[in-house]
Amino acid sequence: MAETNRQVICSVLMEKAKTDKDIVVLCSDSRGSASLTPFAKEYPEQFVEMGIAEQNLVSVAAGLASAGKKAFAASPASFLSTRSYEQCKVDVAYNDSNVKLIGISGGVSYGALGMTHHSCQDIAAMASLPGMRVYLPSDRFLTRKLMEALTDDGKPAYIRVSRQATDDVYDENLSFTMDKAQLISLGHDVEIVACGDMVPNAVGAAAILREQGIDAGVIDMYCLKPYDKETLLQAAEQTKLIVTAEEHDPFGGLGAMTAQILSAEHPMRVLELALPDEHLVAGTNKDIFRHYGLDAAGIAKRTAEALAK
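Residues numbered from 1 in each chain as written. Predicted model: local features only at pLDDT ≥ 70, side-chain atom pairs only at ≥ 80, totals over all residues. Heavy atoms only, no water.

Peer 1: Describe unusual backbone geometry, naming the residues involved and giving the relevant values.
Peer 2: Cis geometry marks the peptide bond from Lys225 to Pro226; its omega dihedral reads 5°. For Pro226, the position within the fold is in the loop between strand 10 (223–225) and helix 9 (229–236). Despite not being glycine, Ser35 has its phi angle at roughly 60°, a positive value. Positionally, Ser35 belongs in the loop between strand 1 (23–27) and helix 2 (37–42). Overall, Ser35 belongs to the buried group, its relative accessible area being 14%. Even without glycine at this site, Asp96 takes up a positive phi of about 50°. (Helix = DSSP H or I, 4+ residues; strand = E, 2+ residues; numbered from the N terminus. Buried < 20%, exposed > 50% of the residue type's maximum accessible area, 1.4 Å probe, protein only.)

Peer 1: Could you give an account of the side chain of Glu247, with specific residues and numbers?
Peer 2: You can see Glu247 is positioned in the loop between strand 11 (241–245) and helix 10 (254–265). Polar side-chain contacts of Glu247 include one of 2.7 Å to the backbone nitrogen of Val108. If we skip the residues at most four places from it in the chain, Glu247 touches Gly106, Gly107, Val108, Ser109, Arg160, Asp197, Met198, Leu275 and Phe289. (Polar contact = N/O pair within 3.5 Å; in protein donor to acceptor, adjacent residues only side chain to side chain. Contact = heavy atoms within 4.5 Å.)

Peer 1: Can you tell me about the sheet that holds strand 10, naming the residues and giving the values?
Peer 2: Sheets are built from strands that pair by backbone hydrogen bonding, the pairs being arranged parallel or antiparallel. The strand order across the open sheet formed by seven strands is 2-1-3-4-6-5-10, and the pairing between neighbours is mixed. Single-partner strands in this sheet number two, and they are strand 2 (47–49) and strand 10. Strand-to-strand twist across the sheet, computed as the mean angle between neighbouring axes with direction ignored, equals 20°. (Pairing = 2+ DSSP bridges. Axes fitted to C-alpha atoms, helices over the stretch in contact; angles between N-to-C directions.)

Peer 1: Outline the nonpolar core, listing residues and values.
Peer 2: If you look at the biggest cluster of nonpolar residues, it comprises 74 residues, and the most contacted ones within it are Leu13, Leu36, Phe39, Leu101 and Met221. Aside from chain neighbours lying at most four places away, what touches Phe39 is Cys10, Leu13, Met14, Ala17, Ile23, Val25, Pro44, Gln46 and Phe47. Ranked by size, the runner-up nonpolar core spans 28 residues in total, among them Val199, Val243, Phe289 and Ala300. (Core = buried A, V, L, I, M, F, W, Y, C linked by side-chain atoms within 4.5 Å.)

Peer 1: Got a sec to walk through helix 12 (residues 296–308)? Specific residues and values, please.
Peer 2: With 13 residues, helix 12 ought to run about 18 Å at 1.5 Å a step, and its terminal C-alpha atoms sit 18 Å apart, in line with that. Regarding helix 12, the residues found buried are Ala296, Gly298, Ile299, Ala300, Thr303, Ala304 and Ala306. Taken together, the buried residues of helix 12 touch strand 8 (190–194), helix 8 (198–211), strand 11 and strand 12 (270–273). (Expected span 1.5 Å × (residues − 1).)

Peer 1: Hey, could you go over the pattern of salt bridges for me, with residue numbers and the actual values?
Peer 2: Counted under the stated rule, the structure contains 19 salt bridges. Between Glu49 and Arg31 there is a salt bridge whose closest N-O contact spans 3.3 Å. Of the two residues, Glu49 sits in strand 2 while Arg31 sits in the loop between strand 1 and helix 2, which places them 18 residues apart along the sequence. Residue classification places Arg31 among the partly exposed positions, given a relative accessible area of 31%. With a closest N to O distance of 3.2 Å, Arg83 and Glu54 form a salt bridge. Taken as a pair, Arg83 in the loop between helix 4 (77–80) and helix 5 (85–94) and Glu54 in helix 3 (residues 54–66) lie far apart in primary sequence, 29 residues in all. In the salt-bridge network here, residues are joined through shared partners; they are Glu15, Arg144 and Glu148. (Salt bridge = Lys/Arg side-chain N within 4 Å of Asp/Glu carboxyl O.)

The following block contains the structure:
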């Protein structure tokens, strides 16, 4: 089975920690969930276990950053983006601390545990903080490239990854530019803009649509903030419909950001596909995607219906 994105994060941090003793990893009783147990065993002096105390996790990470450390704080996204939001706002964003906040098991990864463990508002929350970058890498290859870049910069960031392994979108030859969206394919009928776990589903949806004679393309907008407007606008000029697909509620996420940019700079039709504004059903993440029409078949169906209008 392919590595999960969280396993890739651990691998990159372990590789970098061999020669960079300023790298320090912090967890909130989540080293297993974050797949960071190997790091804790290999580099115990560069690992801090905070227990179930997410506010302390973020504040201590910011304190270490103020002393010159490169802090990576991992915790379930549902708790990191809510319980410790004030610390993310003040200790990290306001102080421009070199802290990378790693939200594990994001979206509906903990689907069977219900709404207390869903993180469907985190993009909006984190993106609203001045100076906080927001990233949702889609697969293991993009996660590796992103983490390698983030270990070498000194600015705050929030990275959300899934609990489950995602289907590969790329391979080892992936060409990567920081804060530049991945233009997977260009569609003259529709361009699907997706992020995180929705990218493989968008790729699948595009394949279904092409079988129906619809020219569909996909943009992997892994960089939610800063948003790559240039790639979006280039695609918008060449297509009839923009569709956004995200594992987030309808407010303040990828769809809202995309529509806001297009309404101001290139007015056109936008179909926003997101999780509904309600307490979601319980089940596996794939069950939830299928239930709300966010799997490949659902995205393709809703896109074709929009084009037919």
